[in-house]
Amino acid sequence: MFGANTTHQHGGGCMGLWVCLSLARTKERRTDVALPPVPLSAKTRLAALDSLGGAFSSKLVYDFLLERRLTVSDCLERSLRKGGGEEQAAAATVCAQLCVQLGGGDEGEEGFKILRPVLSAIMIDGCASVAARQSCARALGMCCYVSAAEDGEDLVKSMSHLESVFTMSYPNREGTLPTPNAGTPGLHGAALHAWALLVTLCPASRLTVLLDLHLPKLQACLESSDVNYRIAVGETIALLVELGRDIDREFEFEDSDTLCESLKGLATDGNKHRAKNDRRKQRTIFREVLHYIENEDFSEEKIRFGVEGIYIDSWMRRRVYDAFKEVLESGVRHHLQFNPLLRDIFGLGPPLILDSSVKSSKISRFEKHLFNSAAFKARTKLRNKVRDKRADVM
């Protein structure tokens, strides 16, 4: 099915394992693969998915996938529908990576249309494994962000499904937080992060509704017993406040004094019954959240890759970068260098072709900062125009 040169160029054995995956999920004999349709074990299918995930993370294989995207989508859909929890979790991760590989064009949208219903179904299924549901939540957010930018209906449906998951952590009518089951804080955190990513695509009219609805409930969730979920809540609160201030410079959270008191407590938490690393991580994050809420002060971070770099200088920019990092892991820097989708999102322009003369004429750090910030703001304004066109749909 694949020529020797193509297989070597696009990741070697991983594509051979992709053939195994397709065979394992095909009931009838395939005429285009010279191998018998012997059912393969779940372990073999999982190895194939892990290999595909590694290739999608570390390489760009758009040309290879272009003619095979429907076959790959079909294999992933079958793994999601028929596989066990571990296989479903791995398949969902590969779904997100596939959308990143295909980009935000017609091909990516086509794949998302196929995969969105099954990702949503598993995520909201209380009988599915928590690991599979968590992976599906992350994949749903990423696939929707990349592939449904022009489709307000898909955006609304995806956000609604994500809300149905993380709002299970909201306080009841008496103001009491529910007691979480094992693994559910991780699921709620993944759904909340995916939802926060999609919030950045909403028009101003929709954002106003979401701020009023979710900010008070999220403030209550700062009392959660799980440190990672508390951190996810704190970061989402900061993002929502930032988006509110983008709409209205005079925006203020209704109960900001109580919120700041809660944030101060978390930023100085010294309870000995919590792990030392958890306390340190929590204090660091909540100091940043508190400084932003009180003073609009954001701790800027620079991400370097090759001879380039991007500045993470807002909560929205951090949420977008973290979402891609969760999906691509160590391969995120490679994609920042060469993937047109990520380079467009972060305002980097076409991939650089470097030689010795170019390396010797690098611009200054401050000039790069100004260029990246201006490009990101310009792109955000352009996307906002699209969001405004979708306002009636939302």
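What you are looking at is a predicted structure, and each value in this text was computed from that prediction instead of being measured.

### Side note on the packing of aromatic side chains
Tallied over the entire structure, the rule returns five aromatic pairs. Ring geometry for F166 and Y170: centres 6.0 Å apart, planes at 65°, overall edge-to-face. For the pair F166 and Y170, one class covers both residues: buried. For the pair Y321 and F346, a centre-to-centre distance of 6.5 Å together with 75° between the ring planes defines the contact as edge-to-face. Residue Y321 is found in helix α15 (residues 315-328), and its partner F346 is found in the loop between α17 (340-345) and α18 (356-359); the two are separated by 25 residues along the sequence. By relative accessible area, which is 5% here, Y321 ends up buried. Overall, the relative accessible area of 0% leaves F346 in the buried class. In this structure an aromatic cluster arises from ring pairing among F166, Y170 and W195. Geometry around Y292 places R245 over its ring, the cationic atom sitting 5.0 Å from the centre.

### Topic: the nonpolar core
In terms of nonpolar packing, the biggest core is built from 106 residues, with L80, F324 and L336 touching the most fellow members. Those residues in contact with L336, other than ones at most four positions away along the chain, are I303, F305, I310, Y321, L342, R343, F346 and L348.

### Points about the packing of helix α7 (residues 106-123) against helix α9 (residues 152-166)
Taken N-terminus to C-terminus, the directions of α7 and α9 make an angle of 15°; their axes are 10 Å apart at the nearest point. Classified by the angle between their axes, α7 and α9 sit roughly parallel to one another. The element α7 and its partner α9 pack so that their crossing is left-handed. Side by side, α7 and α9 meet where F112, K113, R116, S120 and M123 of the first sit next to D154, K157, S158, H161, L162 and V165 of the second. Considering only residue class, the contact of α7 with α9 consists of four nonpolar, three polar and four charged.

### Topic: the packing of helix α8 (residues 130-147) against α15
Orientation of α8 relative to α15, taken along the N-to-C sense of each, is 120°, at an axis distance of 11 Å. Looking at the two axes, α8 sits oblique to α15. The handedness of the crossing between α8 and α15 comes out as left-handed. Where α8 abuts α15, its residues R138, M142, Y145 and V146 lie against V320, A323, F324, E326 and V327. When its residues are assigned to classes, the contact of α8 with α15 shows seven nonpolar, no polar and two charged.

### Focus on the pattern of salt bridges
The full count for this structure, using the stated rule, is 15 salt bridges. Between E110 and R69 there is a salt bridge, with the nearest N and O atoms lying 2.9 Å from each other. One end of the pair, E110, is in helix α7; the other, R69, is in helix α5 (residues 69-82), with 41 residues separating them in the sequence. What makes E110 partly exposed here is its relative accessible area of 31%. Each of K113, R116 and D154 takes part in a single network of salt bridges with overlapping partners.

### Considerations on the pairing of strand β1 (residues 301-305)
Judged from the five bridges that link them, β1 and strand β2 (residues 308-312) form a sheet pairing that is antiparallel. Along β2, the bridge assignment pairs K302 with Y311. Count of turn residues in the β1/β2 antiparallel hairpin: two residues, of which G306 carries a positive phi of about 60°.

### Some thoughts on α9
With 15 residues, α9 extends 21 Å from end C-alpha to end C-alpha; this agrees with the ideal 21 Å at 1.5 Å per step. Taken together, the buried positions of α9 are G152, D154, L155, S158, M159, L162, E163, V165 and F166. All buried residues of α9 project into a common sector of 165° when viewed along the axis, lining one side. Looking at the packing, one finds that the buried side of α9 touches α7, α8, α10 (184-199), α11 (204-220) and α12 (227-247).

### A look at α5
Every α-helix winds through 3.6 residues per turn, so residues three or four apart in the chain are directed the same way. Between its terminal C-alpha atoms α5 stretches 20 Å, which fits the 20 Å expected from 14 residues at 1.5 Å a residue. Three or more residues of α5 are buried, namely V72, S73, C75, L76, E77, S79 and L80.

### Examining a negative patch on the surface
A cluster of like negative charges, contributed by D212, E254, D255 and D257, occupies part of the molecular surface. With respect to the helices and strands, E254 occurs in the loop between α12 and α13 (256-267). Residue E254 is classed as exposed on the basis of its relative accessible area, which comes to 83%.

### Observations concerning the confidence of the model for the chain
With 77% of its residues at a pLDDT of 70 or more, the chain has an overall mean of 82. Scored below 50 in pLDDT, residues 23-36 shows 24 contacts in the model against residues more than four places distant or in partner chains.

Conventions and cut-offs
- Residues numbered from 1 in each chain as written.
- Predicted model: local features only at pLDDT ≥ 70, side-chain atom pairs only at ≥ 80, totals over all residues.
- Heavy atoms only, no water.
- Phe/Tyr/Trp six-rings, centres within 6.5 Å; stacked < 30°, edge-to-face > 60°.
- Buried < 20%, exposed > 50% of the residue type's maximum accessible area, 1.4 Å probe, protein only.
- Helix = DSSP H or I, 4+ residues; strand = E, 2+ residues; numbered from the N terminus.
- Lys NZ or Arg CZ within 6 Å of the ring centre and 35° of its normal.
- Core = buried A, V, L, I, M, F, W, Y, C linked by side-chain atoms within 4.5 Å.
- Contact = heavy atoms within 4.5 Å.
- Axes fitted to C-alpha atoms, helices over the stretch in contact; angles between N-to-C directions.
- Parallel < 35°, antiparallel > 145°, perpendicular 65-115°, else oblique.
- Left-handed = near helix turned anticlockwise from the far one by under 90°.
- Nonpolar A, V, L, I, M, F, W, Y, C, P; charged D, E, K, R; others polar.
- Salt bridge = Lys/Arg side-chain N within 4 Å of Asp/Glu carboxyl O.
- Pairing = 2+ DSSP bridges.
- Expected span 1.5 Å × (residues − 1).
- Arc of directions from axis to C-beta.
- Patch = residues over 30% accessible without salt bridge, like charges linked within 9 Å, V, L, I, M, F, W, Y side chains within 5 Å.
- Areas by Shrake-Rupley, 256 points an atom, 1.4 Å probe, with all protein chains shown as cover.
- Lys, Arg positive; Asp, Glu negative; His and termini not counted.
- Charge placed at Lys NZ, Arg CZ, Asp CG, Glu CD.
- pLDDT = per-residue confidence, 0-100.

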